[in-house]
Amino acid sequence: MQVVRTASELRTALGASRSAAFVPTMGNLHEGHLSLMRLGKTSGQPLVASIFVNRLQFAPHEDFGSYPRTFEADCEKLRAVGCDLLFAPDERELYPVEQTFRVATPHGLGDILEGEFRPGFFEGVATVVLKLFGCVQPAVAVFGKKDYQQLMVVRRMVEQFNLPIAIVPGATMREADGLAMSSRNGYLDAAERAEAPALARALQALARRAAELGGELADECRRLAPQAAEAVGERTLRALAQAERDALAALGERGWKPDYLVVRRRADLARPQAADLATPESLVALGAARLGTTRLIDNLEF
Ligand code: PAF
């Protein structure tokens, strides 16, 4: 694996190629990242990874300074997985002047859920991803579904800017007890680590309840006249909102500080309408919650 530190070294290494498969990361690589690398390799194109801890996506009170930097171990893992080229710029290389041009993410996508609780986060992500795309000029880029909303923001950006890059989603990798793999899991102490899978379980329970409500609604709609069905739809949406509040409260009782636990449409992360609830495989349960000082996110499509 060749390691390059500058955009010009990167272009020299890639030659005329505009066909690489690219996996951007912030390092501290775990099996989740490596599964994205393996997915990138299946494209048959040279695999390029990047490691860059992007200051723009961290708020001043967040963990930019303490974010784990494990460069040598990351290189070993990338070599083992068959990565061809690693782009690891420093801040002066990627942000040689103040980054005053930024990608503004759309209302209703960039400012909900993660964007509501981490203002500016998606602007920081979209800006660095656009810059990295400009440097690597890949044909394919792989993003994990663990960061579900990030994947959607990147997809929309690629569509709206007509970037000739195929965005490939990678499945979330989980520990044996269901905890979604994340670099931030390393912040958890032993007791928190034992408790952490409760977030995934809460999302499973919420998804089960939403699917149940959707099934009941579909049954009733088959039996009822359209006007009566509308009222049942509204009742079902109220029941879903209650299920979301219950899920939040249950996690709170276990000592978590949850930001959100919600059911949204997969297509646009909007709140589901009654008809969406009755449509199988159209929804996703998403959650974010703090356990001690560590903020975890997870999601489950259903
Ligand atoms: O998911 C991440 O690790 C980061 O948000 C990304 C996409 C590498 C941008 O900094």
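Note: the structure precedes this text.
Residues numbered from 1 in each chain as written. Predicted model: local features only at pLDDT ≥ 70, side-chain atom pairs only at ≥ 80, totals over all residues. Heavy atoms only, no water.

Colleague: When you look at the side chain of S183 in this model, what are you seeing that I'm missing?
Modeller: Here S183 lies in the loop between β6 (166–170) and α8 (190–195). Under the relative-accessibility criterion, S183 is labelled buried at 8%. If sequence neighbours within four positions are ignored, S183 has contacts with G27, N28, H30, H33 and Y67. (Helix = DSSP H or I, 4+ residues; strand = E, 2+ residues; numbered from the N terminus. Buried < 20%, exposed > 50% of the residue type's maximum accessible area, 1.4 Å probe, protein only. Contact = heavy atoms within 4.5 Å.)

Colleague: I keep staring at the packing of helix α9 (residues 198–223) against helix α10 (residues 226–253) and nothing clicks. Help me out?
Modeller: Between two packed helices, the angle of one axis relative to the other and the distance separating the axes together describe the packing. Between α9 and α10, the least distance of the axes is 10 Å, while the angle of their chain directions is 170 degrees. Our classification of the angle between α9 and α10 gives roughly antiparallel. Here α9 contributes A198, L199, A202, L206, R209, A210, L213, L217, E220 and C221 to the contact with α10, which in turn contributes A229, V232, G233, R235, T236, A239, L240, A243, E244 and L251. A per-class count over the contact of α9 with α10 returns 14 nonpolar, two polar and four charged. (Axes fitted to C-alpha atoms, helices over the stretch in contact; angles between N-to-C directions. Parallel < 35°, antiparallel > 145°, perpendicular 65-115°, else oblique. Nonpolar A, V, L, I, M, F, W, Y, C, P; charged D, E, K, R; others polar.)

Colleague: What should I look at first to understand the state of the cysteines in this one?
Modeller: Two cysteines joined by a covalent bond between their sulfur atoms form a disulfide. With the rule as written, the count across this model stands at zero disulfides. Take C75: it sits in no disulfide, and the sulfur closest to it among the cysteines is that of C83, at 9.0 Å. By relative accessible area, C75 is classed as buried at 2%. (Disulfide = S-S within 2.5 Å.)

Colleague: Help me understand the sheet that holds strand β7 (residues 257–265) in this model?
Modeller: Think of a sheet as strands paired side by side through backbone hydrogen bonds, with each pair either parallel or antiparallel. Ordered in space as β7-β8-β9, the three strands form an open sheet in which the pairing is antiparallel. Each of the sheet's edge strands pairs with one partner strand only, and the pair in question is β7 and β9 (294–301). For this sheet, the mean angle separating the axes of adjacent strands, direction not counted, is 10 degrees. Here β7 pairs with strand β8 (residues 283–291) via eight bridges, running antiparallel. (Pairing = 2+ DSSP bridges.)

Colleague: Mind showing me how you'd approach the site of the ligand here?
Modeller: Around the ligand sit P24, T25, M26, N54, Q57, V125, V128, F143, D147 and Q150, and that is every residue in its neighbourhood. Q57 places a side-chain nitrogen or oxygen 2.7 Å from an oxygen atom of the ligand. The side chain of Q150 places a nitrogen or oxygen atom 2.7 Å from an oxygen atom of the ligand. Within the complex, 89% of the 290 Å² of free accessible area of the ligand lies under protein. At the level of elements, β2 (21–25) and α6 (121–136) are the ones that each hand at least two residues to the shell around the ligand. Among the residues making up the shell around the ligand, the classes are represented as five nonpolar, four polar and one charged. (Near = heavy atom within 4 Å. Polar contact = N/O pair within 3.5 Å; in protein donor to acceptor, adjacent residues only side chain to side chain. Areas by Shrake-Rupley, 256 points an atom, 1.4 Å probe, with all protein chains shown as cover.)

Colleague: Explanation requested: helix α7 (residues 148–160) in the structure shown.
Modeller: Given 3.6 residues to a turn, an α-helix orients residues that are three or four positions apart in the same direction. Taking 1.5 Å per residue, 13 residues should reach 18 Å; α7 reaches 19 Å between its end C-alpha atoms and fits that length. If you check which residues of α7 are buried, you get Y148, Q149, Q150, L151, M152, V153, V154, M157 and V158. Of the surrounding elements, those touching the buried residues of α7 are α5 (114–117), α6, β5 (140–144), β6, β8 and β9. N162 sits one or two positions beyond α7 and adopts a positive phi of about 50 degrees. (Expected span 1.5 Å × (residues − 1).)

Colleague: Sorry, what's going on with helix α3 (residues 71–81) here?
Modeller: Listed in full, the buried residues belonging to α3 are D74, C75, L78 and V81. Here the buried residues of α3 occupy an arc of 130 degrees about the axis, which is enough to place them on one side. Seen from the buried face of α3, the exposed residues on the opposite side, beyond 90 degrees, are E72 and A80. Summarising the contacts, the buried residues of α3 are in contact with α2 (31–41), β3 (47–51) and β4 (85–87). Looking one or two places after α3, you find G82, whose phi comes out positive at around 90 degrees. (Arc of directions from axis to C-beta.)

Colleague: Would you explain the pattern of salt bridges in this entry?
Modeller: Side-chain pairs of opposite charge can arise whenever the charged atoms involved come near each other. Tallying each qualifying case throughout the model produces 20 salt bridges. Two residues, K41 and D84, come together in a salt bridge whose shortest N-O distance is 3.7 Å. A residue pair is termed long-range when its members are at least 10 positions apart, and K41 in helix α2 and D84 in the loop between α3 and β4 qualify at 43 residues. We classify K41 as partly exposed; its relative accessible area is 33%. For D84, a relative accessible area of 36% translates into the label partly exposed. The residue D177 makes a salt bridge to R193 at a minimum N-O spacing of 2.9 Å. Of this pair, D177 sits in the loop between β6 and α8 while R193 sits in helix α8, and the two are 16 residues apart along the sequence. Through salt bridges with shared partners, a single network forms among E114, D259 and R295. (Salt bridge = Lys/Arg side-chain N within 4 Å of Asp/Glu carboxyl O.)

Colleague: What is the right way to look at the packing of α6 against α7 in this model?
Modeller: Contact geometry for α6 and α7: axes closest at 10 Å, N-to-C directions at 55 degrees. By the angle class used here, α6 and α7 are oblique. Judged by the twist between their axes, the crossing of α6 over α7 is right-handed. Within the contact between the two elements, α6 uses F121, F122, V125, A126, V129, L130 and F133 and α7 uses Q149, Q150, V153, V154, M157 and V158. (Left-handed = near helix turned anticlockwise from the far one by under 90°.)

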